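Here is how the chains run, residue by residue.
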Amino acid sequence: MSKLTKSAEELKALIPQSLGSIYNYSDIEDLKVDIIENGLLNPILLSVDGIPLDGYRRITAALEIP
């Protein structure tokens, strides 16, 4: 099994726009603080095609961290 590596920007571009209504991306401040303090503890799950299956909010939060 090969490991796929993508940048956060590449992963965010692959998130379906239809999921915007499901996930509340505006309330990720606590998540950003947690990522800063602890890092990303869980990997972003990708399909065999490299499309994110999980971790949409983590991707968004990571991109907003300066």
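Predicted model, so just to flag it, every value in this text is computed and none were measured. (Residues numbered from 1 in each chain as written. Predicted model: local features only at pLDDT ≥ 70, side-chain atom pairs only at ≥ 80, totals over all residues. Heavy atoms only, no water.)

Quick look at the confidence of the model for the protein chain now. In the predicted model, the protein chain carries a mean pLDDT of 78, and 79% of its residues have values of at least 70. Between the elements of the protein chain, mean pLDDT differs from a low of 77, seen in helix α1 (residues 8-13), to a high of 92, seen in helix α2 (residues 29-38). (pLDDT = per-residue confidence, 0-100. Helix = DSSP H or I, 4+ residues; strand = E, 2+ residues; numbered from the N terminus.)

The next thing to look at is the pattern of salt bridges. Enumeration over the complete set of coordinates arrives at three salt bridges. Note that Asp-54 and Arg-58 form a salt bridge whose closest N and O atoms lie 3.6 Å from each other. It is possible to trace a salt-bridge network through shared partners that takes in Glu-29, Lys-32 and Glu-64. (Salt bridge = Lys/Arg side-chain N within 4 Å of Asp/Glu carboxyl O.)

The subject of this paragraph is the packing of α2 against helix α3 (residues 56-64). Across the interface, α2 lies against α3 with an axial gap of 9 Å and an inter-helix angle of 70°. Classified by the angle their axes make, α2 and α3 are roughly perpendicular. Across the interface between the two elements, Leu-31, Lys-32 and Ile-35 of α2 pack against Arg-57, Arg-58, Ala-61, Ala-62 and Glu-64 of α3. Taken together, the residues that form the contact of α2 with α3 break down as four nonpolar, no polar and four charged. (Axes fitted to C-alpha atoms, helices over the stretch in contact; angles between N-to-C directions. Parallel < 35°, antiparallel > 145°, perpendicular 65-115°, else oblique. Contact = heavy atoms within 4.5 Å. Nonpolar A, V, L, I, M, F, W, Y, C, P; charged D, E, K, R; others polar.)

With that out of the way, let us pick up the side chain of Lys-32. Checked against the element boundaries, Lys-32 lands in helix α2. Of the residues examined, Lys-32 reaches a relative accessible area of 13% and is grouped as buried. For Lys-32, the contacting residues outside a window of four places in its chain are Ala-61, Glu-64 and Ile-65. (Buried < 20%, exposed > 50% of the residue type's maximum accessible area, 1.4 Å probe, protein only.)

Quick look at α3 now. Those residues of α3 that fall on the buried side of the exposure criterion are Tyr-56, Arg-58, Ile-59, Thr-60 and Ala-61. Buried residues along α3 sit in contact with α1 and α2.

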